[in-house]
Amino acid sequence: MLRSLVLKAFWTMLPAYVPNNVAVLAGGGEPIDGGRTWNGRRLLGDGKTWRGTAVGTLAGVLLALVLDLLRGPLEKRLGVSLPAFSLKSAFALSFGAMLGDIGASFLKRRSGRERGAAFPGLDQLDFVAGSLGLTAALAPAWFRAAFKLPVLVVVVVMTPVLHVVTNVIAYVLGLKDEPW
Ligand code: CTP
Ligand code: K
Ligand code: MG
């Protein structure tokens, strides 16, 4: 029961987990805010770039397409039913994750935090909120079918843990400047 919930939650969120990590590798170039400020602080900061956002989103969508190919055999092997991704749900999960992270940077700058500063809680859940929110808005029927309440609960509990672990690994590997 718990095993199948965890598998389902992880599978369904994979297109949302990958974009921000790919953005770390792909980032650089022109910042989205073009250097603009508001009340003396950057709108978003240099850590949110067009390239990182585009490549990250694309990676999430492509991953969902690959998962669709693996779904049948994996369902048999694992003995769980897994949702198929439509293009719309894949895009919403992936781009929503990036939007959540961008929204968090906006809030960080408004609260005086410089680029790279930690904001515990927000850092771990911003992309979950963005991803679930955009998917509920763009693909409501898909959202209701894929995120039944128990799956949603597992997502909200499991994601912060995965986020912390992933970022510490990226930091140790020298891919990220901070371990959060
Ligand atoms: N990145 C990007 N575009 C995005 C998100 C991330 O280019 N939309 C890249 C940037 O190079 C960024 C790195 O990924 O520095 C790490 O992402 P993150 O930790 O979210 O950004 P920070 O640099 O810590 O900036 P912030 O304080 O605004 O979160
Ligand atoms: K972040
Ligand atoms: Mg950071």
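Above this note sits the structure.
All figures in this text were calculated on a predicted structure; none of them were measured in a lab.

### Overview of the packing of helix α4 (residues 122-138) against helix α6 (residues 149-172)
- Close contact between α4 and α6 brings their axes to 8 Å; oriented N to C, the two are set at 140 degrees. Here α4 lies oblique to α6, going by the angle between them. Every pair of crossing elements has a handedness; the one defined by α4 and α6 is right-handed. Seen from α4, the contacting residues are Asp123, Gln124, Leu125, Phe127, Val128 and Leu132; seen from α6, they are Leu152, Val155, Val156, Thr159, Pro160, His163 and Val164.
- A per-class count over the contact of α4 with α6 returns nine nonpolar, three polar and one charged.

### Some words on the site of ligand 1
- Taken together, 18 residues are adjacent to ligand 1, and Lys48, Thr49, Ser105, Arg115 and Gly116 come closest.
- A distance of 3.1 Å is found between a nitrogen atom of ligand 1 and a backbone nitrogen or oxygen belonging to glycine 47.
- In the environment of ligand 1, an oxygen atom lies 2.8 Å from a nitrogen or oxygen atom belonging to the side chain of arginine 109.
- When ligand 1 is considered free in solution it has 560 Å² of accessible area, and contact with the protein chains removes 88% of it.
- One can see that ligand 1 is located within the largest pocket.
- Breaking the shell around ligand 1 down by element, the ones donating at least two residues are α1 (2-26), α2 (50-78) and α3 (87-110).
- Element by element, the count of residues in the shell around ligand 1 is highest for α3, at five residues.

### Quick look at the side chain of serine 94
- For serine 94, the position within the fold is in helix α3.
- We classify serine 94 as buried; its relative accessible area is 0%.
- Other than its neighbours up to four places away in sequence, serine 94 contacts Pro15, Pro19, Gly56, Thr57, Gly60 and Val61.

### As for the layout of surface pockets
- Of the volumes computed, that of the largest pocket is approximately 1000 Å³.
- Asn20, Val24, Lys48, Asp101 and Lys176 are, among the 42 residues lining the largest pocket, the residues nearest its centre.
- The set of elements that each furnish at least two residues to the lining of the largest pocket consists of α1, α2, α3, α4 and α6.
- Per element, the largest residue contribution to the lining of the largest pocket is eight residues, and it comes from α1.

Cut-offs applied
- Residues numbered from 1 in each chain as written.
- Chains lettered and ligands numbered in written order.
- Predicted model: local features only at pLDDT ≥ 70, side-chain atom pairs only at ≥ 80, totals over all residues.
- Heavy atoms only, no water.
- Axes fitted to C-alpha atoms, helices over the stretch in contact; angles between N-to-C directions.
- Helix = DSSP H or I, 4+ residues; strand = E, 2+ residues; numbered from the N terminus.
- Parallel < 35°, antiparallel > 145°, perpendicular 65-115°, else oblique.
- Left-handed = near helix turned anticlockwise from the far one by under 90°.
- Contact = heavy atoms within 4.5 Å.
- Nonpolar A, V, L, I, M, F, W, Y, C, P; charged D, E, K, R; others polar.
- Near = heavy atom within 4 Å.
- Polar contact = N/O pair within 3.5 Å; in protein donor to acceptor, adjacent residues only side chain to side chain.
- Areas by Shrake-Rupley, 256 points an atom, 1.4 Å probe, with all protein chains shown as cover.
- 1 Å grid on protein atoms, 1.4 Å probe; cavity = no way out; pocket = protein on both sides within 12 Å on 5 of 7 lines; lining within 4 Å.
- Sits in = over half its atoms within 2 Å of the grid points.
- Buried < 20%, exposed > 50% of the residue type's maximum accessible area, 1.4 Å probe, protein only.
- Points joined across faces, edges and corners; volume = space filled by probe spheres on them.

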